[in-house]
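So the chains spell out like this:
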Amino acid sequence: MKENVVNLIVFKVAWTAVVVSAAAGAPLIGVIAVAVAVGIHLRSCDKPESETRLLLVAAAMGLAWESILMISGLVNYSSGNLVPGIAPYWIVAMWVLFATTINAGMRWLRRNKAVAAIAGAVGGPMGFFAGASAGAVELTSPAIALAIIGAGWAVMLPLLAQVAARLDSGLRLVEQTS
């Protein structure tokens, strides 16, 4: 229980650092906070190899999804854009940071896909709304953007929770044929 509370506190502190630093035009500071949070997480978890795989899957999902949101024109990021049309590095780091909670403080998301979908549909837009309010992201058409972000997170969060459960149990993500 104590580890889960620590996990969520570390997550929230790093999340805040990322949003504030991205809004201030210094996203590298937030990414350093994510690196520290990931280090703390990997040192405290039982299966750091599996957890590292989960973090990499989350990074890939985040890079793809956030790039789609950018290309569609629904979101604009003012800092951390290294390659046009590709999500900024700090938002991908946020996905990695969020993934540190899936097998710890937010492990309950793994129990029920419907609950995870609802949590994603609500939590995803809330995070973006907070980020936009802080100035880290601009929502070009807020109502439409938040609705699409909610729909995307309603799909991706249960998927990420399922990946976490499979990696945690030692199951292969893709079954090999003999």
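Relevant structure appears above.
Bear in mind the structure is a predicted one, so any value in this text is a computation, not a measurement.

A. Examining the overall build of the chain more closely. Regarding its fold elements, the chain presents six helices and two strands. The C-alpha atoms of the chain give a radius of gyration of 16 Å, which matches the 16 Å a tight globule of 178 residues would have. Projected onto its principal axes, the C-alpha positions of the chain cover 45 × 30 × 30 Å. Put simply, the chain has 178 residues, and 43% of those count as buried. Across the chain, the fraction of contacts at a sequence separation of at least 24, relative to all contacts at a separation of at least 6, is 69%. With the model as given, the accessible surface of the chain reaches about 9200 Å², and the carbon-plus-sulfur share is 69%. Charged side chains in the chain number 11 positive and 8 negative. The centres of these two groups are separated by 6 Å.

B. Highlighting the pattern of salt bridges. Per the stated rule, a full pass over the model turns up three salt bridges. Where D168 meets K47, a salt bridge forms, and the shortest distance between an N and an O atom there is 3.9 Å. Of this pair, D168 sits in helix α6 (residues 142–169) while K47 sits in the loop between α2 (27–44) and α3 (48–71), placing them 121 residues apart in sequence. On the accessibility criterion, K47 (36% relative accessible area) is partly exposed. D168 serves as the salt-bridge partner of R110, at 3.1 Å between the closest nitrogen and oxygen. A residue pair is termed long-range when its members are at least 10 positions apart, and R110 in the loop between α4 (89–99) and α5 (113–134) and D168 in helix α6 qualify at 58 residues. Assessed through its relative accessible area of 17%, D168 is described here as buried.

C. Here's a closer look at the nonpolar core. In this structure, V75, F98, F128 and W153 are the most contacted members of the largest nonpolar core, which totals 49 residues. Residue contacts for F98: discarding those within four places in its chain leaves F11, M106, L109, W153, L157 and L160.

D. Main features of the side chain of S67. Inspection of the secondary structure puts S67 in helix α3. If sequence neighbours within four positions are ignored, S67 has contacts with G62, G85, I86 and A87.

E. Spotlight on the side chain of E66. Residue placement: E66 occurs in helix α3. Despite its burial, E66 pairs with no opposite charge, the nearest such side chain being K12 at 15 Å. Once you skip the residues sitting within four places of it in the chain, E66 turns out to touch Y77, A87, I91, W95 and F128.

Conventions adopted
- Residues numbered from 1 in each chain as written.
- Predicted model: local features only at pLDDT ≥ 70, side-chain atom pairs only at ≥ 80, totals over all residues.
- Heavy atoms only, no water.
- Helix = DSSP H or I, 4+ residues; strand = E, 2+ residues; numbered from the N terminus.
- Rg over C-alpha atoms; globule rule 2.2 N^0.38 Å.
- Buried < 20%, exposed > 50% of the residue type's maximum accessible area, 1.4 Å probe, protein only.
- Contact = heavy atoms within 4.5 Å.
- Areas by Shrake-Rupley, 256 points an atom, 1.4 Å probe, with all protein chains shown as cover.
- Lys, Arg positive; Asp, Glu negative; His and termini not counted.
- Charge placed at Lys NZ, Arg CZ, Asp CG, Glu CD.
- Salt bridge = Lys/Arg side-chain N within 4 Å of Asp/Glu carboxyl O.
- Core = buried A, V, L, I, M, F, W, Y, C linked by side-chain atoms within 4.5 Å.

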